[in-house]
Amino acid sequence: MSNFVSKHILCVNELNRDSIETIFHVAKKMEPYAKKQKRTKVLEGAVLANLFFEPSTRTRVSFGTAFNLLGGLVRETTGMQSSALAKGESLYDTARVISAYADAVAMRHPDAGSVADFATGSTVPVINGGDGPNEHPTQALLDLLTIEKELTRFDRNIDGMHIALVGDLKYGRTVHSLSKLLCHYKDVKFSMVAPDGLQMPDSILDTVTNAGHQIELVNTMEGNLAADIVYQTRIQEERFPSQEEANKYRGGFRISQAIYDAHCKPNSVLMHPLPRDSRGDANELDNDLNNNDNLAIFRQVQNGVLIRMALFALTLGVDELVEKYETDVPWYSSKKNS
């Protein structure tokens, strides 16, 4: 994808390294606005339809925040039962209606392929905020931006890095999309650290292998976390055939500071798409890691706003106009100077 204007962002397969670098270039220009140092009104009068038919906190609020920071307005629908879909309306019809009200759509839906189906009826850009166990392209982009930034701290880059993907790799859509994006880089070593029943799908493994990367499949964390990036995933219990099946895996891949010290490198960066399951029987990333400088999970969240701002600016064709509509932020300046 070289021209983003009026295009949908549905899956990472639409992206190549050049388009990734374009997105990152625009995302980095958004930092002053995300930090409230400046404000832009470049999307003043534009409306985002934020349609989340599956539970979400970070992704939903992040999309809305990104659009607001560009000066736009946000209208939301949350939950299937609060929408006309509960009355039998098709995704196509919903899209035709919603795109008559809005200038862009961000959407999450529990069924694989659903956002792409919706996009066939939309006359405005649609950005996939997660479609069941299938894809989560904006999460993959923010993860990749985080990886780039974190490795820069240690004079490393993505080419030639070692990443350990840990936990539920079968149902974790974030690691599916991230693995595909990493295929645009060179000489990446993948350690797939998962229980035998939750290992990465063969289709993703084939994609990674065909891109020339090295893969090792292991079912224990011991001896397998000495990577540049350790990316842990939550057990996706909502994707399992039963709660009983999901419970078999909960808590099996916990990382605490003691585990980090014993099995990670001194500068291993810890990532997680969030939410991390902090219940006692899970405790995926222990709270005793909160003061570890290499815990990047909250920096990931900040990078998510930048990525989504960039995608809105690119798909709506205003990425070169952002600074033209820049203004001061009176309350922030007052606070800073007080």
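Residues numbered from 1 in each chain as written. Predicted model: local features only at pLDDT ≥ 70, side-chain atom pairs only at ≥ 80, totals over all residues. Heavy atoms only, no water.

**Points about the packing of aromatic side chains**
Link 1 in the chain: Throughout the structure, instances matching the rule amount to 3 aromatic pairs.
Link 2 in the chain: Centroid distance F67 to F312: 4.9 Å. Interplanar angle 85 degrees. Geometry classified as edge-to-face. Remark: F312 occurs in helix α11 (residues 297-315) and F67 occurs in helix α3 (residues 58-69); sequence separation between them is 245 residues.
Link 3 in the chain: We classify F67 as buried; its relative accessible area is 0%.
Link 4 in the chain: Take F312: its relative accessible area is 0%, and that puts it in the buried class.
Link 5 in the chain: What links up through ring pairs into an aromatic cluster is the set F52, F63, F67 and F312.
Link 6 in the chain: Geometry around F63 places R308 over its ring, the cationic atom sitting 4.8 Å from the centre. (Phe/Tyr/Trp six-rings, centres within 6.5 Å; stacked < 30°, edge-to-face > 60°. Helix = DSSP H or I, 4+ residues; strand = E, 2+ residues; numbered from the N terminus. Buried < 20%, exposed > 50% of the residue type's maximum accessible area, 1.4 Å probe, protein only. Lys NZ or Arg CZ within 6 Å of the ring centre and 35° of its normal.)

**A short note on the sheet that holds strand β2 (residues 47-52)**
To summarise the sheet geometry, strands pair through backbone hydrogen bonds and adopt either a parallel or an antiparallel arrangement.
Link 1 in the chain: Spatially, 4 strands are ordered β3-β2-β4-β5 in an open sheet, and the strand pairing comes out parallel. A strand with exactly one partner marks an edge of an open sheet, and here the two such strands are β3 (73-78) and β5 (126-131). For this sheet, the mean inter-axis angle between neighbouring strands, taken without regard to orientation, is 10 degrees.
Link 2 in the chain: Relative to β5, strand β4 (residues 104-109) runs parallel, the two sharing 4 bridges. Bridge pairing in β5 places M107 opposite N128. (Pairing = 2+ DSSP bridges. Axes fitted to C-alpha atoms, helices over the stretch in contact; angles between N-to-C directions.)

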